[in-house]
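The primary structure of each chain is shown beneath.
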Amino acid sequence: MKKILFSFAVLSFLFVGAPAHAVTAQEIQAQIQGLLAQIQQLQAQLGELQGVSTAWCYNFTANLKIGDSGEGAKALRTALIKNGFPNLEAMGGAYEFTEQIASAVVGFQEKYKSEILTPNGLTHGTGFVGKSTRAKLNALYGCGANTTPLPAPDSIILDPPSLAVISPNGSQQPGGAEQWVVGKTYDITWKFSGPADKIVQIQLMLPAADGPVLTNVGAGLQRYSWTIPATIAPRNDYRVVIREPYPSYALIDSSDAYFSIVSPQNVQEPITTMPISSLGILSPKAGDAWTVNSRQVVRWEGTDIQDISLISLDEVYGTARYHLAYDTPNDGEQEVSIGSLVEKPGEFQIVITARTASGILEGKSGVFRINPVSQGVGSQAPAPEMAYPADGQVLNYGYPHGYMFKVKQVAGATGYLFRFFQNSEMIYDNQRDGGQLSPNGEFAVWTNNPFYGRFKEGDVEVRAQALVGGQWGQTRVINIKLVRPVSEVPASISVLSPNGGESVNSSPYTISWSSLGIEKVKISVCGDTSSPGSNAPACWALAGAAGAELPSAGQGMDSSGGYYRWDVDFNAPYVPGSVKIRVTDVATGIYDESDAAFSLSAPSAGASPNQ
């Protein structure tokens, strides 16, 4: 009886009317929605009294997005659970539109892709419950004729507001027929139904960037005259978007395709088409969960992508970045190993860095979790002790061929993991080297390894773990320093001039040579003892020309220049004579001399130097 009296009270309100004070259309709409919800409850109760099973239903009349709450968000969660998304049941009585619900909405939209996404030109779900999504929800779970809203006065708008851009609406390809000229005035028009006081924002858009906001204007005007200023760059890939201002964005529409803005000097002048690059990560999605020591597949799609240079794993609330894959083909998916990369499981994002024709493009996934594996005896294994190198040790980067990292054996260990970090980024781990861990606690970093070039001069953090009973033990961390590579090419000298057969009878004379890996040299003139009748001493140190260093065994001169201007002393004991030039490395004593002897003789009248 109590239920019947309550129903009578509700119906009495409908016929008696609202209290005797002025109310707005929005207030009346809110009251009507409240009454409809009560009618649904009463219908369910009536079904119970009559022994009739009443199926759950709800009419979705308003758009929904992350952050919304109330009956609409509650009904959305119920509908998603009924549609096969049971993971939402763990949320208990929470009625807020969360990221978890948004992820489920994406799944719902892609499940009914042909009805929700394809008609709107979309490939993947957005997580926003708009007109098309509401239509499908109502088709599945709407209350039908039993809850049809009561007729309302003409002044009350019961249908949700709608917006559609009319002009400019673009052509199907960049550079199409619809062209607007800088300096001229055009009408931006749209169709709108809704409250007359609704404000919308008009903005110019590019494929990958927001353009300038043109104005905020009443939606009911349905027209805005815009004179294109000279600051707008001529391009052929503009669109106009009209929407409710931030943070709502619930009411939004844009030009169906591109239109051009051209220079007034030459309207027909062709405009260079800019490559349109895009990169979206399909998996993992927001709310997904991965596990440490697992293998996963990263999936993406994009346009104007040449190849993928890096796939990395970024901490959301930290600074660590783990490199998962390098130089990957743009085939849309890549298997990656989480291994034991994540020392503190938590929230992460996948970041993909791609190369395009127009530059570097970066895409990020939604936030997802990486959970730890169950703890066992193996997880308590001690950190392996480093045998080489020691903490703080300096290594000659690249000398002689690399270096071997070693740890002391841990009881029960079946493998060892080595990871290397520079500037907070993990540049390599040996688990990626064909999935082969180091069973003997050694890991070689040689110059012929494909990952060797990723190491840079500077500080390196090395982390080592032992695999015991299928679980990773505690981590040993040391820090080392890599210094500038040392050349492996043997030192060498080669005398170029004079190299034999010359006749030197003028001064100064230029002695030249080439050298590799040598800093200081000394220069000597040596008698050709093989010449018949020669009595010259074996070698004489040469005196320097004006302003030049005097080469000597203890000092030498810089070898990098490769030449020495010899002020020839024609009164020296070895003139006239048959001699050779010798260039010697001060540090090692190695030398080279002229291949054959040349002659020295006093200058004749009118002789000129060899320069």
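Residues numbered from 1 in each chain as written. Predicted model: local features only at pLDDT ≥ 70, side-chain atom pairs only at ≥ 80, totals over all residues. Heavy atoms only, no water.

## Regarding the pattern of salt bridges
1) Next: In total, this model carries 16 salt bridges according to the counting rule given.
2) Next: A salt bridge links Lys198 to Glu244, with the shortest nitrogen-to-oxygen separation between them at 3.0 Å. Here Lys198, found in the loop between β3 (185-193) and β4 (199-206), pairs with Glu244, found in the loop between β7 (235-243) and β8 (252-254); they are 46 residues apart in sequence, far enough to count as distant.
3) Next: A single salt-bridge network, built from bridges that share partners, covers Asp307, Asp327 and Arg355. (Salt bridge = Lys/Arg side-chain N within 4 Å of Asp/Glu carboxyl O. Helix = DSSP H or I, 4+ residues; strand = E, 2+ residues; numbered from the N terminus.)

## Focus: the sheet that holds strand β15 (residues 333-337)
1) Next: The sheet built from three strands is open, its strands ordered β10-β12-β15 with antiparallel pairing. Looking at the sheet topology across the chains shown, the edges are occupied by β10 (278-283) and β15. In this sheet, adjacent strand axes meet at a mean angle of 30 degrees when their direction is disregarded.
2) Next: Relative to β15, strand β12 (residues 295-303) runs antiparallel, the two sharing five bridges. The residue bridging Val298 from the neighbouring strand is Gln334, located in β15. (Pairing = 2+ DSSP bridges. Axes fitted to C-alpha atoms, helices over the stretch in contact; angles between N-to-C directions.)

## Things to note about the state of the cysteines
1) Next: Counting across every chain of the model gives two disulfides.
2) Next: At a sulfur-sulfur separation of 2.2 Å, the disulfide partner of Cys57 is Cys143. On the sign convention where negative means left-handed, the S-S torsion of about 100 degrees between Cys57 and Cys143 marks this disulfide as right-handed. Within this pair, whereas Cys57 is found in the loop between α2 (25-49) and α3 (71-82), its partner Cys143 is found in the loop between α6 (131-141) and β1 (162-167), the two being separated by 86 residues in sequence.
3) Next: Assessed through its relative accessible area of 23%, Cys57 is described here as partly exposed. (Disulfide = S-S within 2.5 Å. Buried < 20%, exposed > 50% of the residue type's maximum accessible area, 1.4 Å probe, protein only.)

## Looking at the nonpolar core
Note on soluble globular proteins: their nonpolar side chains tend to be buried together.
1) Next: One finds Ile188, Trp226, Ile242 and Ile261 to be the most contacted residues of the largest nonpolar core, which totals 25 residues.
2) Next: Of all the elements in the fold, those that place two or more residues in this core are β1, β2 (179-181), β3, β4, β5 (209-218), β7 and β9 (259-262).
3) Next: When residues in this core are grouped by element, the largest group, four residues, is from β3. (Core = buried A, V, L, I, M, F, W, Y, C linked by side-chain atoms within 4.5 Å.)

## Description of the sheet that holds strand β28 (residues 492-497)
1) Next: Strands sit in the order β28-β30-β34 across an open sheet of three strands; the sheet is antiparallel. On the outer flanks of this sheet lie β28 and β34 (563-566), each paired with one strand and no other. In this sheet, adjacent strand axes meet at a mean angle of 25 degrees when their direction is disregarded.
2) Next: Sheet topology places β28 next to strand β30 (residues 509-516); five bridges connect them, and they run antiparallel. Each bridged residue has a counterpart across the sheet, and for Ser494 the counterpart in β30 is Ser514.

## Examining the confidence of the model for the protein chain
1) Next: The share of residues in the protein chain with pLDDT of 70 or more is 71%, and the mean pLDDT across the chain is 75.
2) Next: Taken element by element, the predicted model of the protein chain shows its lowest mean pLDDT in helix α1 (residues 2-16) (38) and its highest in α6 (92).
3) Next: For the stretch residues 1-21, pLDDT sits under 50, and the model shows eleven contacts to residues farther than four places along the chain or on other chains.
4) Next: Between residues 145-158, whose pLDDT stays under 50, and residues either more than four places distant or in other chains, the model counts 17 contacts. (pLDDT = per-residue confidence, 0-100. Contact = heavy atoms within 4.5 Å.)

## A few points about α3
1) Next: Helix length check: α3, at twelve residues, gives a terminal C-alpha distance of 16 Å against a target of 16 Å (1.5 Å per residue), a fit within 8%.
2) Next: Those residues of α3 lying buried are Gly72, Ala73, Ala75, Leu76, Arg77, Ala79 and Leu80.
3) Next: On its buried side, α3 packs onto α4 (99-111) and α6.
4) Next: Residue Gly84 follows α3 closely and has a positive phi angle near 105 degrees. (Expected span 1.5 Å × (residues − 1).)

## Overview of the environment of Gly107
1) Next: Structurally, Gly107 can be placed in helix α4.
2) Next: In this structure, the C-alpha to C-alpha distance between Gly107 and Phe85, residues 22 residues apart in sequence, is 8.7 Å.

## Considerations on α6
Each α-helix turn comprises 3.6 residues. Residues three or four places apart therefore point the same way.
1) Next: Among the residues of α6, those classed as buried are Thr133, Arg134, Lys136, Leu137 and Tyr141. Projection of α6 onto a plane perpendicular to its axis shows the buried side chains occupying an angular sector of 160 degrees, all on one side. In α6, the exposed residues that point more than 90 degrees away from the buried face are Lys131 and Ala139.
2) Next: Buried positions along α6 lie against α3, α4 and α5 (113-116). (Arc of directions from axis to C-beta.)

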